[in-house]
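Next come the chains, spelled out residue by residue.
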Amino acid sequence: MTIHPVILCGGSGTRLWPLSRRSNPKQFVSLIGADTLYQSTAKRMCGDQFAPPMILTQSDFRFTVTEQLLSIDIDPGAVLIEPASRNTGPAILAAALTLAQTDPDALMLVVPSDHVLPDETAFHAAVERGVAAVAQGKLVTFGIKPTRPETGYGYLELTGEPDATGHAVDLRAFVEKPDRDRAQSMLDAGTFLWNAGIFLFAAKDIIAAFETHAPQLTAPITRAVDAAQPDLGFLRLDPDAWKQAEDISIDYAVMEKASNLAVVPFDGHWSDLGGWDAVMAAGDADENGVVTKGEATAIDCHNSLLRSESAAVELVGIGLEDIMVVAMPDAVLVADKNRAQDVKQAVTALKEKGASQAVQFPIDHRPWGWFESLVIGDRFQVKRIHVSPGAALSLQSHHHRSEHWIVVEGTAKVTIDDEVQLVTENQSVYIPVGSVHRMENPGKVPMVLIEVQTGAYLGEDDIIRYEDIYARGQGAKG
């Protein structure tokens, strides 16, 4: 039987600030290894038994999800655009209704996009055991065998202790994040597993469960799917219907109420990378328990994490113990390792003071490539702009700024009002305020230019689009 992966990747991951931010959340960055967590998730579900993955994401990430898969030679299936964040309940129901349009019996494997599961063979074996339970009409979730009295995870209470076969066991109850004493007692009992947030069921079965246990969701989500509009290969769920749906997780909406739940135990390594302490635990530590990444040097340090996320930033730690340091070009985190779960407080504090670093990543990814701000002044800004081969920015104008473009790599095809010209390396052009302009990369290698903006207002929302091959509409990103 074909399994349809459904990858949920609309979250923000504030506990991994400053690397994970709202504009570039953790699933799209390389935390462990060369691949992003999202790419690793997709690779985990490749093979003859799997269909192309269905993706659920936000509008800002719609090009990122496809580009990251195509870069590892995975062709995505349907990409559903959620008009607003409504948690996992509405997202999973939308996926089920979409699959059921062509195959009500479609087998759905729902996974987060930001977890670490390095043993693919063991994971596939667990999924196969889950398929057998789904054939009996079960809604299946996957539980991780706990290795410590963890207080940061929810738990699954089983009706009995798992046996050596690893086959599904009926679920007795969901347990919220416990205190340490309760976590230790559950670890000792042997009948509790960590809740991994991974699910397997037939589309028709989960739809029926929503109709029974969360009927308030079925009408608006059905309307959102039925009125969805194709958009450049994406499927935009209807925003008016979507906003009528309750913001609720699938656990609260269905799983805690259904009586036909089974849990497949998984005994392999798993992490949700829910904080820098988890990233540190997943890294390769030296003999002193120090994990480093990038241009980072540890001198007489112990049980610490040092990460430099920029080749231009040399990070040096001296005499550190139980400390986490993460250095970005525009922000640095220094925290006690035991306060990893409090990093989200930094995001809140930065938002309150109006710091852009709270949500905005220094590199801004767009469907044509990316840019980063190098210098920002009161009336000027300097950017580096990277345009992928064959890509083009929108035909646009600005009310408040003029721009100078200096090509430093490749060749740019530049339109300024009625004039079109090729600008090669070491050449430059000037775009006056109000001129209708566009840059394209007609070559087969990336094109890089330095942009100098001058004007009274330099915000990204000062863009009027006239033509755009990516159909983004108006606004900073469209």
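Note that residues are indexed from 1 along each chain, following the sequence as it is written. The model is predicted, so local features are restricted to residues of pLDDT at least 70 and side-chain atom pairs to those at 80 or more, both for listing and for counting; the totals for chains, interfaces and linings are taken over all residues. As a rule here, side-chain values come from all non-hydrogen atoms in the structure, and water together with hydrogens is ignored.

Going by the annotation in an unreviewed UniProt entry, the name recorded for the protein chain is mannose-1-phosphate guanylyltransferase, with Thalassovita mediterranea given as the source organism. UniProt positions are given in the numbering used here, feature names are shortened, and annotations may be inferred rather than shown by experiment. Among the UniProt annotations of the protein chain, the heading Catalytic activity (unreviewed entry) holds the following wording: "alpha-D-mannose 1-phosphate + GTP + H(+) = GDP-alpha-D-mannose + diphosphate". Database annotation for the protein chain, UniProt heading Sequence similarities (unreviewed entry): "Belongs to the mannose-6-phosphate isomerase type 2 family."

Visitor: In this structure, what is going on with the overall build of the protein chain? I would like to understand it.
Guide: Summing up its helical and strand segments, the protein chain has 11 helices and 28 strands in all. Only C-alpha atoms enter the radius of gyration, while the globule expectation follows 2.2 Å times N to the 0.38, with N the number of residues. Against the globule reference of 23 Å for 478 residues, the protein chain gives a C-alpha radius of gyration of 24 Å, in line with a compact fold. In terms of overall dimensions, the protein chain has C-alpha extents of about 75 × 60 × 40 Å along its principal axes. Relative accessibility decides the category of a residue: with a 1.4 Å probe and only protein chains considered, values under 20% of the type maximum give buried, values over 50% give exposed, and everything between is partly exposed. Burial status across the protein chain gives 52% buried among its 478 residues. Note on definitions: a residue-residue contact is assigned when non-hydrogen atoms from the two residues lie within 4.5 Å. A sequence separation of at least 24 residues applies to 68% of the contacts in the protein chain between residues at least 6 apart. Runs of E in the DSSP output that reach at least two residues are strands. Runs of H or I that reach at least four are helices, and both are numbered from the N terminus.

Visitor: Would you take a moment to explain the side chain of Thr41 for this structure?
Guide: Relative to the assigned elements, Thr41 resides in helix H1 (residues 37-44). Looking at Thr41, the relative accessible area reads 1%, which means it is buried. Polar contact criterion, stated in full: a pair of N or O atoms within 3.5 Å, where within protein one must be able to donate a hydrogen and the other to accept it, and residues adjacent in sequence count only if both atoms are side-chain atoms. A polar contact of 2.9 Å, which involves the side chain of Thr41, links it to the backbone oxygen of Leu37. Those residues in contact with Thr41, other than ones at most four positions away along the chain, are Ile7, Val111, Pro112, Ser113, Asp114 and His115.

Visitor: What is the right way to read the UniProt feature "domain: MannoseP isomerase/GMP-like beta-helix" (unreviewed entry) in the protein chain from this model?
Guide: Cross-referencing UniProt, the feature "domain: MannoseP isomerase/GMP-like beta-helix" (unreviewed entry) maps to residues 294-350 in the present numbering. Helix makes up 14% of residues 294-350 and strand 39%, and the two end C-alpha atoms of the span are 25 Å apart.

Visitor: Please explain the pairing of strand S1 (residues 3-8) as it appears in this structure.
Guide: If a strand is regular, its side chains alternate between the two faces of the sheet. For S1, a buried count of five out of six residues is recorded, marking the element as mostly surrounded by other parts of the structure. For two strands to be treated as a pair, DSSP must find at least two bridges joining them. Across six bridges, S1 lies against strand S4 (residues 107-112) in parallel orientation. Bridge pairing links Leu8 to Pro112 in S4. One ladder, built from three bridges, connects S1 with strand S2 (residues 54-58); its direction is parallel. Directly across from Ile7, in S2, lies its bridge partner Ile55. The handedness rule is simple: strands pointing away from the viewer, and a clockwise path from the first strand over the helix to the second, make the crossover right-handed. Crossover S1 to S2 through H1 is right-handed.

Visitor: How should the sheet that holds strand S22 (residues 401-409) be read in this particular structure?
Guide: Each strand in a sheet pairs with its neighbour through backbone hydrogen bonds, running either in the same direction (parallel) or in the opposite one (antiparallel). The six strands are arranged S18-S19-S20-S27-S22-S25 in an open sheet whose pairing can be described as antiparallel. Looking at strand neighbours, the two that pair on one side only are strand S18 (363-366) and strand S25 (428-431), the edges of this open sheet. Pairwise comparison of adjacent strand axes, ignoring direction, gives a mean angle of 20° for this sheet. Sheet topology note: the S22/strand S27 (residues 447-455) ladder contains eight bridges and is antiparallel. For Trp405, the partnering residue across the bridge sits in S27 and is Glu451. What counts as an axis is a line fitted to C-alpha atoms, over the stretch in contact for a helix, and the angles between N-to-C directions run from 0 to 180 degrees.

Visitor: When you look at the pattern of salt bridges in this model, what are you seeing that I'm missing?
Guide: Side chains that differ in sign of charge can pair as their charged atoms come close. A pairing counts as a salt bridge when a side-chain nitrogen of Lys or Arg comes within 4 Å of a carboxyl oxygen of Asp or Glu. In the structure shown here, the tally under the stated rule is 20 salt bridges. Where Asp114 meets Lys26, a salt bridge forms, and the shortest distance between an N and an O atom there is 3.5 Å. Pair noted here: Asp114 is in the loop between S4 and helix H4 (120-134) and Lys26 is in the loop between S1 and H1, with a separation of 88 residues, a long-range link. The class for Asp114 is buried, based on a relative accessible area of 17%. Note that Arg366 is salt-bridged to Glu460, the shortest N-O span being 3.8 Å. With Arg366 in strand S18 and Glu460 in the loop between S27 and strand S28 (464-467), this pair connects stretches of sequence that are 94 residues apart.

Visitor: Any chance you could explain a nonpolar patch on the surface here in plain terms?
Guide: Note on patches: the residues involved have over 30% relative accessible area and no salt bridge, like charges join within 9 Å, and the nonpolar side chains Val, Leu, Ile, Met, Phe, Trp and Tyr join within 5 Å. Calculation of accessible area relied on Shrake-Rupley with a 1.4 Å probe; when residues are assessed, cover is drawn exclusively from the protein chains displayed. On the surface, Ile299, Val316 and Ile318 cluster together into a nonpolar patch covering about 280 Å² of accessible area. Mapping Val316 onto the fold places it in strand S15 (residues 315-318).

Visitor: Would you mind going over the side chain of Asp251 with me for this structure?
Guide: Examined against the element boundaries, Asp251 turns out to sit in helix H9 (residues 250-255). Just so you know, the count uses Lys and Arg for positive and Asp and Glu for negative, and it drops His and the chain ends. Put simply, Asp251 is tucked away with no salt bridge, and the nearest opposite charge, on Lys177, sits 11 Å away. For Asp251, the side chain forms a polar contact with the side chain of Asn195, separated by 3.2 Å. Once residues lying within four places of it in the same chain are set aside, the contact partners of Asp251 are Phe174, Asn195, Phe199 and Glu256.

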